[in-house]
Amino acid sequence: MKKQAMVVMNPTAGKGAGKNTLFAVADGLCRGGYDAVVMITQRANHARDLMIERSSDFDIVICIGGDGTLNESVSGLMALHDRTPLGYIPTGTVNDFASTLHLSHNGEEAIQDIVDGTLFPCDIGSFNERYFTYVAAFGAFTEVSYTTSQSSKNLLGRVAYYLEGLKHLPKIKTYHVKIEYDGKLIEDEFIFGAISNSRFIGGNTFYSTKHAQLDDGRFECLLIRPPQNPLDLQAIAAALLKQELNDKFMIFFTAESIKITSEEEIAWTLDGENGGIMKAVTIKNCPHAIDFIIAKEHNE
Ligand SMILES: Nc1ncnc2c1ncn2[C@@H]1O[C@H](COP(=O)(O)OP(=O)(O)OP(=O)(O)O)[C@@H](O)[C@H]1O
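Residues numbered from 1 in each chain as written. Predicted model: local features only at pLDDT ≥ 70, side-chain atom pairs only at ≥ 80, totals over all residues.

As annotated in an unreviewed UniProt entry, the protein carries the name YegS/Rv2252/BmrU family lipid kinase and comes from Copranaerobaculum intestinale. For the record of the protein, the UniProt heading Sequence similarities (unreviewed entry) holds the text "Belongs to the diacylglycerol/lipid kinase family." Here is the UniProt Cofactor (unreviewed entry) comment for the protein, exactly as written: "Mg(2+)". (UniProt positions renumbered as here; feature names shortened; annotations may be inferred.)

Below is the structure:
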């Protein structure tokens, strides 16, 4: 029997960019010896539901869409015990996670990479009852990120531009949070926090080295302290833009699991989408949870 592939495409992602990709994907799968079944998502969370209901009938599943569609697909697979390998073809805005895994945006190339591909057992983050593939963040800029149609193209870069654009310090909201991780405790004021599993969150100087980081069972965590004056503000923005860690204003650590609590409710973003508003979150690394299908040459 031929191998079976399920393609799940969000037609609205990236202003419909996936539509042009679809022929190349179906053609590549047929030439690669697969029977292809194409599903077009009709609503929010449809990708998740399709993964839960149908993915186990297939040898591979392929998600075509932006950050939100990938997040939904991963969340669907995470609900299952046996998870079908996942190929991802990004059609949203340039995606940090796709860049980290060297995933092509070009339909023909992307499907060839998948057909000839190899499995990369990737860590996934659990966030209370939800999941994220590469970033959970709060604070400066993140609250507006999902009220605009932007996604986290370069989250830290946009935090920097946001800070630079601020004329008045009082506009920057500070959050008093308690952060517990790997037996340690930090309690302080911060304007931004990101728990991520991606090299490209702030560009590759922050989190350099190969994508091995995505399968090490740990997150990279970055917290930014409040600036006290315009010079501080400038220093933080400059460090973010130069993709450097500034020890005076930034705390960086890696962790397997993190608990973040606060007196007030905090708005979170998960993979650039609305993550909800809450006072307590528990974030855990689910090591090697999803097998991503990636090009052989990038899985050394
Ligand atoms: N048929 C549909 N009509 C409207 N919305 C849909 C449909 N199918 C899926 N969606 C929703 O579209 C949302 C946005 O998708 P996604 O994030 O993948 O695209 P994007 O915003 O263009 O990409 P990016 O976030 O990478 O810029 C998803 O949260 C998904 O729930």
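## Thoughts on helix α3 (residues 67–78)
For α3, with 12 residues, the first-to-last C-alpha span of 16 Å sits near the 16 Å given by 1.5 Å per residue. Across the 12 residues of α3, 11 count as buried, placing the element largely inside the fold. Of all the positions in α3, only D67, G68, T69, L70, N71, E72, S73, V74, S75, G76 and L77 are classed as buried. (Helix = DSSP H or I, 4+ residues; strand = E, 2+ residues; numbered from the N terminus. Expected span 1.5 Å × (residues − 1). Buried ≥ 20, exposed ≤ 12 C-beta atoms within 10 Å, placed from the backbone.)

## Considering the environment of S99
Structurally, the position occupied by S99 is in helix α4 (residues 96–100). A sequence separation of 123 residues divides S99 from L222, and the C-alpha atoms of the two residues are 20 Å apart.

## Re the nonpolar core
Within soluble globular proteins, side chains that are nonpolar tend to cluster in buried spots. Counting 72 residues, the largest nonpolar core has V7, I62, C63, A136 and F292 as the members making the most contacts within it. If we ignore the near neighbours within four places in the chain, the residues touching A136 are G125, F127, I195, W268, L270, G275 and I283. (Core = buried A, V, L, I, M, F, W, Y, C linked by C-beta atoms within 7 Å. Contact = placed C-beta atoms within 7 Å.)

## A look at the environment of D123
Here D123 lies in strand β5 (residues 118–127). Setting aside chain neighbours within four positions, we find D123 in contact with N197, L214, D215, G217, N285, C286, P287, H288 and A289.

## Considering unusual backbone geometry
Despite not being glycine, N128 has its phi angle at roughly 50 degrees, a positive value. In this model, H288 sits at a positive phi of 55 degrees, which is unusual for a non-glycine residue. Among the secondary structure elements, H288 is positioned in strand β14 (residues 273–294). Note on H288: 14 C-beta atoms within 10 Å, which makes it partly exposed.

## A short note on the pairing of strand β11 (residues 219–224)
With respect to burial, β11 is a largely interior element, 6 of its 6 residues being buried. Taking every second residue as pointing to the same face, both faces of β11 are buried, with F219, C221 and L223 on one and E220, L222 and I224 on the other. Pairing of strand β10 (residues 192–196) with β11 involves 5 bridges; the strand directions are antiparallel. Residue pairing for β11: G193 is matched across the bridge by L223. Sheet analysis places β11 next to strand β12 (residues 250–255), joined by 6 bridges and oriented antiparallel. The partner of I224 across the bridge, within β12, is M250. (Pairing = 2+ DSSP bridges.)

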